[in-house]
Amino acid sequence: MSRYELYAPRYPLLPLKNVVIFPRNIVTLLVGRPRSIQAVEESLTRDRRIVVTAHRDSEIEDPRPEDLYHVGALAEIVSVERQQGNSIQVVLEGISRVRLSQFDTARQFFTVAAEELRESPVPVVESRVMLQYVQDLAVKYNEARNRLSPEILDMVQRATEPGHLADLLATQLLTETSRRQQLLEMLDPLQRLEQIAVHITGDLDVAALEQRIKDRVREQVEKNQREYYLREQLKAI
């Protein structure tokens, strides 16, 4: 055990199924497992901060430490509302990436030591160029797919940090837990942004292919209709 791990701050742990939270990401969750509810309640009695991490296998209902990813996020509880059926609705805002260690299972919920993970420094010029490139890609993506709300698109255009832009787009575009987790664990902001650019470019290629197929189908339908009308006219003659 390193000296840092020995003195690392400890937090209640909230394991999540199919959810990866990024820094600055605001997420609303419905929490129903007794262990998870107790973790939230413990956090509320302290500084409202809680560590969240995803299941490696979403089929596991009662995960052990080895069933969880050991890179997650430190989050702040924004609000909590009691729901019917002994569940609670929790709004969380991600604060930072953290590495989890020293899982304590002695209580009804997990507590963990959380080491903050800092991003790698990036060259200023390359950062600016990559930022503009991905912002332009996001505009093209939205023109083709129309999946980004005006508010999100405005946030994309106003982003000034490559890491923030990568995380923002990851929350909007990536649906697979493993892909989101992969980006969460990347500490190089430009590497994350490059992965987002690859994802968007691939999706744009698919969108273009889909449009070409639709165009060919429409042309064939119109051709068939013209031939049908022509045959009907010839019959009438």
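Bear in mind the structure is a predicted one, so any value in this text is a computation, not a measurement. (Residues numbered from 1 in each chain as written. Predicted model: local features only at pLDDT ≥ 70, side-chain atom pairs only at ≥ 80, totals over all residues. Heavy atoms only, no water.)

Asker: Before we go on, may I ask you to explain empty space enclosed by the protein in this structure?
Answerer: The rolling of a water-molecule-sized probe over the atoms marks out the regions of remaining empty space. Scanning all chains against the criterion turns up one cavity of 30 Å³ or more. Reported here for the largest cavity is a volume of approximately 40 Å³. Lining the largest cavity we find Leu16, Val19, Val20, Ile21, Val52, Thr53, Ala54, Gly72, Ala73, Gln181 and Leu184. Of all the elements in the fold, those that place two or more residues in the lining of the largest cavity are strand E3 (49-54), strand E4 (71-82) and helix H6 (177-185). In terms of residue count, E3 provides more of the lining of the largest cavity than any other element does, three residues in total. For the lining of the largest cavity, a count of residues per class yields eight nonpolar, three polar and no charged. (1 Å grid on protein atoms, 1.4 Å probe; cavity = no way out; pocket = protein on both sides within 12 Å on 5 of 7 lines; lining within 4 Å. Points joined across faces, edges and corners; volume = space filled by probe spheres on them. Helix = DSSP H or I, 4+ residues; strand = E, 2+ residues; numbered from the N terminus. Nonpolar A, V, L, I, M, F, W, Y, C, P; charged D, E, K, R; others polar.)

Asker: Quick question: what am I supposed to make of the side chain of Ser96 here?
Answerer: Take Ser96: it is sitting in strand E5 (residues 88-104). Using a relative accessible area of 9% as the deciding quantity, one classes Ser96 as buried. For Ser96, the contacting residues outside a window of four places in its chain are Pro23, Gly72, Ala73, Leu74 and Glu116. (Buried < 20%, exposed > 50% of the residue type's maximum accessible area, 1.4 Å probe, protein only. Contact = heavy atoms within 4.5 Å.)

Asker: Any chance you could explain the side chain of Asp203 here in plain terms?
Answerer: Inspection of the secondary structure assignment puts Asp203 in helix H7 (residues 189-236). Leaving out residues up to four positions away in the same chain, Asp203 has contacts with Tyr141, Arg145 and Arg147.

Asker: It is not clear to me how the packing of helix H3 (residues 124-145) against helix H5 (residues 162-173) should be interpreted in this structure. Could you clarify?
Answerer: The description of two helices packed together rests on the angle between their axes and the distance between the axes. Relative orientation of the contacting elements H3 and H5 amounts to 25°, with a least axis distance of 10 Å. On the basis of the axis angle, H3 is roughly parallel to H5. In terms of crossing hand, the pair formed by H3 and H5 is left-handed. Facing Ser127, Leu131, Val134, Gln135 and Tyr141 of H3, the residues of H5 in contact are Pro162, Leu165, Leu169 and Leu173. For the contact of H3 with H5, a count of residues per class yields seven nonpolar, two polar and no charged. (Axes fitted to C-alpha atoms, helices over the stretch in contact; angles between N-to-C directions. Parallel < 35°, antiparallel > 145°, perpendicular 65-115°, else oblique. Left-handed = near helix turned anticlockwise from the far one by under 90°.)

Asker: Is there a simple way to think about the pattern of salt bridges in this case?
Answerer: Pairs can form between side chains of opposite charge whenever their charged atoms are close. Under the counting rule described, the total for this entry stands at 17 salt bridges. Here Lys17 ties to Glu61 by a salt bridge, and the two come within 2.6 Å at their closest N and O atoms. Of this pair, Lys17 sits in the loop between strand E1 (10-16) and strand E2 (26-31) while Glu61 sits in the loop between E3 and E4, and the two are 44 residues apart along the sequence. Residue Glu210 pairs with Arg145 through a salt bridge whose shortest N-O separation is 2.9 Å. Taken as a pair, Glu210 in helix H7 and Arg145 in helix H3 lie far apart in primary sequence, 65 residues in all. Assessed through its relative accessible area of 33%, Glu210 is described here as partly exposed. Overlapping salt bridges bring together Arg97, Glu119, Asp167 and Arg192 as one network. (Salt bridge = Lys/Arg side-chain N within 4 Å of Asp/Glu carboxyl O.)

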